[in-house]
Amino acid sequence: MTAALAVEGLSVSFGDRSRGDAGRRAVVHDVSFTVTAGETFGLIGPSGCGKTTVLRTIAGLNTDWQGAICVGDIALVPGRKIEGRLRDDVQMVFQDPHSSLHPRHRVEHILGEPLAIRGISGVASKVTELLEQVGLAAHMVSRFPHQLSGGQRQRVAIARALLLKPKLLLLDEPTSALDVSAQAGILNLLADLKRDHGTTLVLVSHDPGVVGHLCDRAARMAKGRLETILDRSALSRLS
Amino acid sequence: MAEPLLRIEDLTISFPSRQGQGAVVRSVSFEVGAEIVAVVGESGSGKSLTGRAIMGLLPPRAETTAKTLSFEGRDLTRLAAAHWRALRGSAIALILQDPKYSLNPSMRVGRQVEETLLLHTSLSARERREKALAMLSRVGFDDPQRVHASYPRELSGGMGQRAMIAAMLINKPSLLIADEATSALDHDLQVQILELLGGLTRELGMGLLLISHDLQQVARFADRVLVMRQGTIVDRLAASELADATHPYTLALWNARPSGVTYGTRLPTVADEMEP
């Protein structure tokens with residue numbers, strides 16, 4: 001079985017390439033891990049440990065990296081944005097649903113646009129179906145993001161990421177901006193996706209409770225390096 | 001019992017809406033002495049507004065009524081603006097969620113820590129500096145001189161929040177209100193900052209009002225817990241009794257926290273996500 005995601009010797013640096021190595025700061029060093037299809041994999045560590053950078057690189061949002069990244073059987077190319085099928089296959093949910101949804105677009109527009117662009121028919125019914133899947137009532141389509149609670153907004157962001165039936169869903173602190181009970185609702189939703197659709201999830205979080213609750217395996221990161229891989233018995237001790 | 005630091009009886013806060021006045025905090029009553037009291041609830045439960053009402057920081061269109069709202073025996077409902085200014089920062093201090101927004105980005109940290117002394121005392125510049133350095137080392141900075149001369153952007157989130165705590169505690173207020181003071185920090189730092197806040201307030205004999213959405217987290221540091229929902233206090237209990245809480249809402253908040261042992265189970269949700 002091929003891995004859903006394979007990361008091998010990933011290093012990421014930020015800064016000005018024209019000034020040579022002096023102007024550059026390495027933020028991720030030699031990180032390797034694989035995620036099997038249907039698995040929920042966590043990346044955990046304190047602020048600044050490089051976990052979000054790893055995730056953004058897999059999403060094609062950092063193009064300045066070295067090593068190898070494969071999503072299914074397709075390899076990402078350093079220096080290039082992701083293209084072709086990968087743009088459907090890899091989707092990301094960001095930490096703050098306030099800033100990741102267009103403030104002047106209604107939910108129907110936010111969710112309908114990616115389908116319309118791809119010339120997919122039956123947009124309205126697909127959007128309704130998706131809202132139901134993420135636990136939102138059908139009449140929410142006419143709302144603007146500011147008319148939704150934080151938890152509802154994050155549900156819309158998750159629906160947006162699920163639209164194109166991605167093989168790999170990347171989640172960057174998806175519940176950090178929410179209160180504990182809204183967080184519980186989103187974690188239940190993610191557990192449902194995992195169970196009912198076999199979606200492969202990579203979850204970044206600083207919260208050991210969240211990673212311990214949702215993930216099948218996780219990598220602990222510190223200072224840009226992967227320290228250990230935690231299996232279920234190690235994860236069950238997190239709180 | 002001696003007069004508590006803070007006494008609130010029948011506090012109601014309402015905002016004008018299309019349907020007339022809409023009450024967002026209804027008949028809230030509690031007291032705070034030299035102790036740590038946690039006010040816990042979901043977003044929109046009115047916990048932050050209650051904290052702001054104590055500081056007199058509600059927006060002008062908010063209408064506040066209370067049978068009693070007194071601090072150290074002084075009636076806050078009838079306080080003139082000048083008296084509010086004398087009280088705030090000096091006797092009651094407030095720490096907000098994110099040091100990125102609550103510290104002035106263009107002013108050195110030391111100056112901001114000293115500001116309360118500048119406004120409320122007649123200490124000399126040298127005395128203020130000495131006090132600020134002592135306070136910065138008290139909140140855990142190894143090199144207070146360097147932090148004193150730093151700008152907020154040179155500090156990490158946890159360091160920024162430590163600097164905020166130093167600034168708020170330097171004039172020894174008798175009551176500190178911490179409104180989600182650790183929510184913007186990562187998990188390990190949250191615990192560190194709460195330990196620091198709890199330790200310092202006990203050491204200084206102050207009252208601390210910990211406003212938070214995370215019941216399990218604040219319960220470890222609080223003496224008493226008030227649970228708010230939709231503008232009212234629905235449950236109040238000693239932190240030590242939380243394990244045996246019987247109120248369904250308190251239980252739901254308590255059990256909503258995920259951990260390694262809840263893997264594979266559904267977490268209880270109290271928010272009805274279908275309708276706002």
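Residues numbered from 1 in each chain as written. Chains lettered and ligands numbered in written order. Predicted model: local features only at pLDDT ≥ 70, side-chain atom pairs only at ≥ 80, totals over all residues.

## Side note on the overall build of chain B
Item 1. Helix and strand content of chain B: 10 helices and 11 strands.
Item 2. Scaling as 2.2 N^0.38, a compact globule of 276 residues should have a C-alpha radius of gyration of about 19 Å, and chain B matches this with 19 Å.
Item 3. Considered along the principal axes of its C-alpha atoms, chain B spans approximately 55 × 50 × 40 Å.
Item 4. Burial statistics for chain B: of 276 residues in total, 45% are counted as buried.
Item 5. Long-range pairs, those at least 24 residues apart, make up 67% of the contacts in chain B between residues at least 6 apart in sequence. (Helix = DSSP H or I, 4+ residues; strand = E, 2+ residues; numbered from the N terminus. Rg over C-alpha atoms; globule rule 2.2 N^0.38 Å. Buried ≥ 20, exposed ≤ 12 C-beta atoms within 10 Å, placed from the backbone. Contact = placed C-beta atoms within 7 Å.)

## Notes on the nonpolar core
Item 1. Leu-170 and Val-202 of chain A together with Ala-38, Ala-166 and Leu-210 of chain B are the most contacted members of the largest nonpolar core, which totals 145 residues.
Item 2. Shared between two domains, this core takes at least three residues from each, and those domains are domain 1 (1–91 + 173–257) and domain 2 (99–172) of chain B.
Item 3. Excluding residues that lie within four positions of it along the chain, Val-202 of chain A makes contacts with Leu-5, Val-35, Phe-41, Leu-43, Leu-55, Leu-168, Leu-170 and Leu-171 of chain A. (Core = buried A, V, L, I, M, F, W, Y, C linked by C-beta atoms within 7 Å. Domains from an automatic or database assignment.)

## Some remarks on the pairing of strand β3 (residues 40–44) of chain A
Every regular strand shows the same layout, with side chains that alternate between the two sheet faces.
Residue and element names in this part refer to chain A.
Item 1. Across the 5 residues that make up β3, a large majority, 5, are buried.
Item 2. By the alternation rule, side chains of β3 split into Thr-40, Gly-42 and Ile-44 and Phe-41 and Leu-43, which are all buried.
Item 3. Inspection of the sheet shows β3 paired to strand β8 (residues 200–205) by 5 bridges, in the parallel sense. Across the sheet, Leu-43 pairs through a bridge with Val-204, a residue of β8.
Item 4. Bridge analysis of β3 against strand β9 (residues 217–222) gives 4 bridges, and the strand direction is parallel. (Pairing = 2+ DSSP bridges.)

## A few points about helix α1 (residues 51–58) of chain A
Item 1. Most of α1 of chain A sits out of view: 7 of its 8 residues are buried.
Item 2. Taken residue by residue, α1 of chain A has Lys-51, Thr-52, Thr-53, Val-54, Leu-55, Thr-57 and Ile-58 of chain A as its buried positions.

## A short note on the environment of Ala-66 of chain B
Residues and elements named next belong to chain B.
Item 1. Looking at where Ala-66 falls in the secondary structure, it is placed in the loop between β4 (63–65) and β5 (68–71).
Item 2. Taking the C-alpha atoms as reference points, Ala-66 and Leu-76, 10 residues apart in sequence, are found 9.7 Å from one another.
Item 3. When near neighbours in sequence (up to four residues on either side) are disregarded, Ala-66 contacts Ile-8, Glu-9, Asp-10, Leu-11 and Thr-77.

## As for the pairing of strand β3 (residues 36–40) of chain B
All names here are of chain B.
Item 1. Burial runs high along β3: 5 of the 5 residues are buried.
Item 2. Looking at chain direction, β3 and strand β9 (residues 207–212) are connected through 5 bridges and run parallel. The residue bridging Ile-36 from the neighbouring strand is Leu-208, located in β9.
Item 3. Here 4 bridges tie β3 to strand β10 (residues 224–229), and the two strands are oriented parallel to one another. When the sheet's bridge partners are listed, Val-37 is paired in β10 with Arg-224.

## Looking at the interface of chain A and chain B
Item 1. Taken together, the contact pairs 30 residues of chain A with 27 residues of chain B.
Item 2. Looking at the side of chain A that touches chain B, the elements with two or more residues in it are α6 (150–162), α7 (180–197) and α8 (208–214) of chain A.
Item 3. It is α7 of chain A that provides the largest number of residues to the side of chain A that touches chain B, a total of 7 residues.
Item 4. Of the residues that constitute the side of chain A that touches chain B, the class distribution is 11 nonpolar, 15 polar and 4 charged. (Nonpolar A, V, L, I, M, F, W, Y, C, P; charged D, E, K, R; others polar.)

## A short note on the domain arrangement of chain B
All names here are of chain B.
Item 1. Under the domain assignment, chain B is made up of domain 1 (1–91 + 173–257) and domain 2 (99–172).
Item 2. The C-alpha-based centres of domain 1 and domain 2 are spaced at 25 Å.
Item 3. Each side of the interface is counted separately: domain 1 has 14 residues, and domain 2 has 13 residues.
Item 4. Tallying contributions element by element places helix α8 (residues 187–203) first for the side of domain 1 that touches domain 2, with 6 residues.
Item 5. Residues of the side of domain 1 that touches domain 2, tallied by class, amount to 11 nonpolar, 3 polar and no charged.

## Side note on the sheet that holds strand β2 (residues 24–35) of chain A
All names here are of chain A.
Item 1. Pairing within the open sheet is antiparallel, and its 4 strands lie in the order β2-β1-β4-β5. Strand pairing shows two members of the sheet lacking a second neighbour, β2 and β5 (74–75), which therefore form its edges.
Item 2. For strand β4 (residues 65–71) and β5, the ladder comprises 2 bridges, and the chain directions are antiparallel. For Cys-70, the partnering residue across the bridge sits in β5 and is Ala-75.
Item 3. Those strands touched by α1 are β1 (5–15), β2 and β4, and its axis lies near 110° from that of β1. (Axes fitted to C-alpha atoms, helices over the stretch in contact; angles between N-to-C directions.)

## Let's talk about the packing of helix α4 (residues 107–117) of chain A against α6 of chain A
Residues and elements named next belong to chain A.
Item 1. Where α4 meets α6, the closest approach of the two axes is 9 Å, and the angle between their N-to-C directions is 15°. The angle between the axes of α4 and α6 places the two elements in the roughly parallel class. As for the relative orientation of α4 and α6, their crossing is right-handed in sense. In this structure, α4 contributes Val-107, Ile-110 and Leu-111 to the contact, and α6 contributes Val-156, Ala-159 and Arg-160.
Item 2. By residue class, the composition of the contact of α4 with α6 is 5 nonpolar, no polar and 1 charged. (Parallel < 35°, antiparallel > 145°, perpendicular 65-115°, else oblique. Left-handed = near helix turned anticlockwise from the far one by under 90°.)

## Describing the confidence of the model for chain B
Item 1. Taken over all residues, the pLDDT of chain B has a mean of 91, while the share at 70 or more is 97%.
Item 2. With pLDDT under 50 throughout, residues 272–276 of chain B is counted as low confidence; its partners more than four residues away or in other chains account for 9 contacts. (pLDDT = per-residue confidence, 0-100.)

## Digging into the sheet that holds β10 of chain B
Whenever strands of a sheet pair, they do so through backbone hydrogen bonds, lying parallel or antiparallel.
Residue and element names in this part refer to chain B.
Item 1. Read across the open sheet, the 6 strands follow the order β7-β8-β9-β3-β10-β11; overall the sheet is mixed. The open sheet has two edge strands with one neighbour each: β7 (92–95) and β11 (232–238). Across the sheet, the mean angle from the axis of one strand to that of its neighbour is 15°, orientation sign disregarded.
Item 2. Contacts between helix α10 (residues 248–255) and the sheet are confined to β3, β10 and β11, with β10 contributing the most and set at about 100° to the helix.

## Focus: unusual backbone geometry
Residue and element names in this part refer to chain B.
Item 1. The phi angle at Asp-10 is positive, at roughly 60°, despite the residue not being glycine.
Item 2. Tracing the backbone shows Asp-10 in strand β1 (residues 6–17).
Item 3. Despite not being glycine, Glu-180 shows a phi value in the positive range, around 50°.
Item 4. Examined against the element boundaries, Glu-180 turns out to sit in the loop between β8 (175–179) and α8.
Item 5. The partly exposed category is assigned to Glu-180, around which 19 C-beta atoms lie within 10 Å.

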